[in-house]
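Structural characterization, general
One-letter residues, chain by chain:
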Amino acid sequence: MTSQEIIALVKQRNPNEPEFLQAAEEVILSVWPVLERNPEFVKLRLLERMLEPERMITFRVTWLDDKNNVQVNRGYRVQMSSAIGPYKGGLRFHPSVNPSVLKFLAFEQIFKNALTGIPMGGGKGGSDFDPKGKSDAEVMKFCQAFMGELARHINHRLDVPAGDIGVGGREIGYLFGAYKKIKNEFTGVLTGKGIGWGGSLIRTEATGYGLIYFAEHMLQEKKDSIKGKTCLVSGSGNVAQYAIEKIIHLGGKVVTASDSNGFIYDAAGITQEKLEFLKDLKNNRRGRIKEYADTFKCEYQTLDANQNQNPIWNIKADCAFPCATQNEVHEKDARNLIKNGVKLLAEGANMPTTIDAINILIENGVMYAPGKASNAGGVATSGLEMTQNYMGSSWTSEEVDAKLHVIMKDIHQACLDAAKVYGKPGNYLVGANIAGFLKVAKAMQAQGVI
Ligand code: NDP
Ligand code: 2IT
């Protein structure tokens, strides 16, 4: 079989799933040299097996809103791969959630989790439920109804969900409470739990902090650092907030942040004080980012999600960190980033950069880190939360942060090593895909045809 034949097969088996095909094609092409060197992997059809979810659950979620109207949503859990550990990955609540989006996320998660060095398989789930504009009571009722079904399919040794877009501390609390009530057991079945009831210190910060630790290692390869760099960040949720915070800690300047309505351009830089305002705005008051621009008198521009160009990437800067959602950096954006002097793009979101945009960045010598490597700090710290739950004790912030540091450093090195062995030195995309793939492939080979 050739790589193009496998791509054709995936297309034929998964029609109308553009995001899944995009993620699949990227991995198939970059790991192909590994298959050429290991005919046994081809014979065992390891890649085709990884591209087929081990199990995928779709279910109805029915709940009553505040006006006592019946609401119907769709829930999912994609249990993609358990080759190296229990299924692990977040839950996304967003109206755009569908099988294609969740399969792409679950597929990426296989390789990301393998890169962390912690034994975790790949999974993802969620719902087309939109938490925006819903009361706390409605979110709670939805979470309870969602868990009413999901609880049958997960447990702390089998499948451990966590947060993602639209699922943060509030939702994890309601989901955990519902699970505990249904199963009559207190276990670490979810990660991202509150401190004091099984959560890990630093899990909230981990994805954003880990992203910047990873970027700092990339810059060190060029004898450079984040200090003094002007940075573009998109999004203003969990990942964006803590990426901004770590850039500030390390002496860099962040000039942008966004939500699905628009973005702010604060040329003076987001300070820790302004960031605290943003956290309160987004996490507690659940407001729109325009309020930041109104309060701090900086520029604000609305965004049109249907355009294949995003003006946030057309600002003079040194580094770019997309931290909102998939396909938010297009071909034209990549050209704008290069024109504006950007030398590094590291993904906080999952698959925020289109394949064409990635190729343009790499061809033009921009250091590019794929999310499955650079945003792995979140799930890695979820892995640390699981370990603490199994042990029945917890580590200090300093201990967890130190472990996160080591994990990001090791992932960075694993990417560089694999890229070098396969003749693409410095190519983090190829390195991440190959290093993750090899670990999972060897486990599948050892476990037989299942
Ligand atoms: P949040 O829900 O906390 O924040 C998401 C942010 O992105 C919000 O600012 C949101 O704006 C914006 N956004 C979401 N969807 C869109 C869209 N379709 N168009 C424009 N803006 C959008 O999510 P997270 O910060 O947790 O996740 C952000 C990204 O990081 C996702 O790709 C996620 O998969 C990835 N990720 C998350 C990890 C985690 O630990 N949380 C770990 C690794 C990756 P608005 O408020 O208007 O919706
Ligand atoms: O995309 C991701 O890695 C996450 N949303 C975090 C998953 C997790 O299990 O912590």
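Treat the numbers as computed from the prediction; the structure is a model and nothing was measured.

Turning our eyes to something else, we now look at the site of ligand 1. Surrounding ligand 1, one finds 26 residues, the nearest of these being Asp164, Thr207, Ser260, Arg288 and Asn350. One nitrogen or oxygen atom from the side chain of serine 260 is found 2.4 Å from an oxygen atom belonging to ligand 1. For ligand 1, the protein covers 84% of the area, taking 890 Å² as the surface of the free molecule. Elements with a minimum of two residues in the shell around ligand 1: α8 (203-221) and α9 (238-249). Broken down by class, the residue content of the shell around ligand 1 amounts to five nonpolar, 13 polar and eight charged.

On to the sheet that holds strand β11 (residues 319-321). Spatial strand order, β7-β6-β11-β12-β13: five strands in an open sheet with parallel pairing. Every interior strand has two partners, whereas the edge strands, β7 (253-254) and β13 (367-369), have only one. Sheet topology note: the strand β6 (residues 230-233)/β7 ladder contains two bridges and is parallel. Note that in β7 the partner of threonine 230 across the bridge is lysine 253. Most of the contacts of α9 go to β6, to which it runs at about 175 degrees, and overall it touches β6, β7 and β11.

Moving on to helix α6 (residues 136-150). Two residues of an α-helix separated by three or four positions point the same way, owing to the 3.6 residues in each turn. Helix length check: α6 (15 residues) gives 21 Å between terminal C-alpha atoms against 21 Å at 1.5 Å per residue, within 8%. Next to the buried residues of α6 lie β1 (55-64), β2 (70-81), β3 (87-93), β4 (122-127), β5 (159-162) and α7 (169-183).

On to the site of ligand 2. In the vicinity of ligand 2 there are 14 residues, among which Lys88, Lys112, Asp164, Arg203 and Ser382 approach most closely. Glutamine 109 is positioned with one of its side-chain polar atoms (N or O) 3.0 Å from an oxygen atom of ligand 2. In this structure, glycine 163 approaches ligand 2 through a main-chain N or O atom, which is 3.1 Å from a nitrogen atom. In isolation ligand 2 offers 300 Å² of accessible surface; the protein chains occlude 93% of this area. Of all elements in the fold, only β3, α5 (99-115) and α15 (377-391) reach the threshold of two or more residues within the shell around ligand 2. Tallied by class, residues from the shell around ligand 2 come to two nonpolar, seven polar and five charged.

We now examine the sheet that holds strand β9 (residues 262-265). Strand pairing within a sheet occurs via backbone hydrogen bonds; the two strands may be parallel or antiparallel. Strand order in the open sheet formed by three strands is β8-β9-β10, and the pairing between neighbours is antiparallel. Strand pairing shows two members of the sheet lacking a second neighbour, β8 (256-258) and β10 (299-302), which therefore form its edges. The sheet shows a mean angle of 20 degrees between the axes of neighbouring strands, direction not considered. Sheet topology places β8 next to β9; three bridges connect them, and they run antiparallel. When the sheet's bridge partners are listed, serine 258 is paired in β9 with phenylalanine 263.

So, about unusual backbone geometry. Of note in this structure, isoleucine 202 is not a glycine but carries a positive phi near 75 degrees. Topologically, isoleucine 202 is positioned in the loop between α7 and α8. Residue isoleucine 202 is classed as buried on the basis of its relative accessible area, which comes to 11%. Despite not being glycine, lysine 223 has its phi angle at roughly 55 degrees, a positive value. Assignment of secondary structure puts lysine 223 in the loop between α8 and β6.

Two side chains of opposite charge can pair, provided their charged atoms sit close to one another. For the structure on display, the rule yields 23 salt bridges. Between aspartate 136 and arginine 170 there is a salt bridge, with the nearest N and O atoms lying 2.6 Å from each other. Of the two residues, aspartate 136 is situated in helix α6 and arginine 170 in helix α7; the sequence distance between them amounts to 34 residues. Relative accessible area serves as the criterion here: at 16%, arginine 170 is assigned to the buried category. For arginine 285, the salt bridge is made with aspartate 280, and the minimal N-O distance between the two is 3.2 Å. Here the residues in one salt-bridge network are Glu26, Glu108 and Lys372, joined through shared partners.

About the cut-offs
- Residues numbered from 1 in each chain as written.
- Chains lettered and ligands numbered in written order.
- Predicted model: local features only at pLDDT ≥ 70, side-chain atom pairs only at ≥ 80, totals over all residues.
- Heavy atoms only, no water.
- Near = heavy atom within 4 Å.
- Polar contact = N/O pair within 3.5 Å; in protein donor to acceptor, adjacent residues only side chain to side chain.
- Areas by Shrake-Rupley, 256 points an atom, 1.4 Å probe, with all protein chains shown as cover.
- Helix = DSSP H or I, 4+ residues; strand = E, 2+ residues; numbered from the N terminus.
- Nonpolar A, V, L, I, M, F, W, Y, C, P; charged D, E, K, R; others polar.
- Pairing = 2+ DSSP bridges.
- Contact = heavy atoms within 4.5 Å.
- Axes fitted to C-alpha atoms, helices over the stretch in contact; angles between N-to-C directions.
- Expected span 1.5 Å × (residues − 1).
- Buried < 20%, exposed > 50% of the residue type's maximum accessible area, 1.4 Å probe, protein only.
- Salt bridge = Lys/Arg side-chain N within 4 Å of Asp/Glu carboxyl O.

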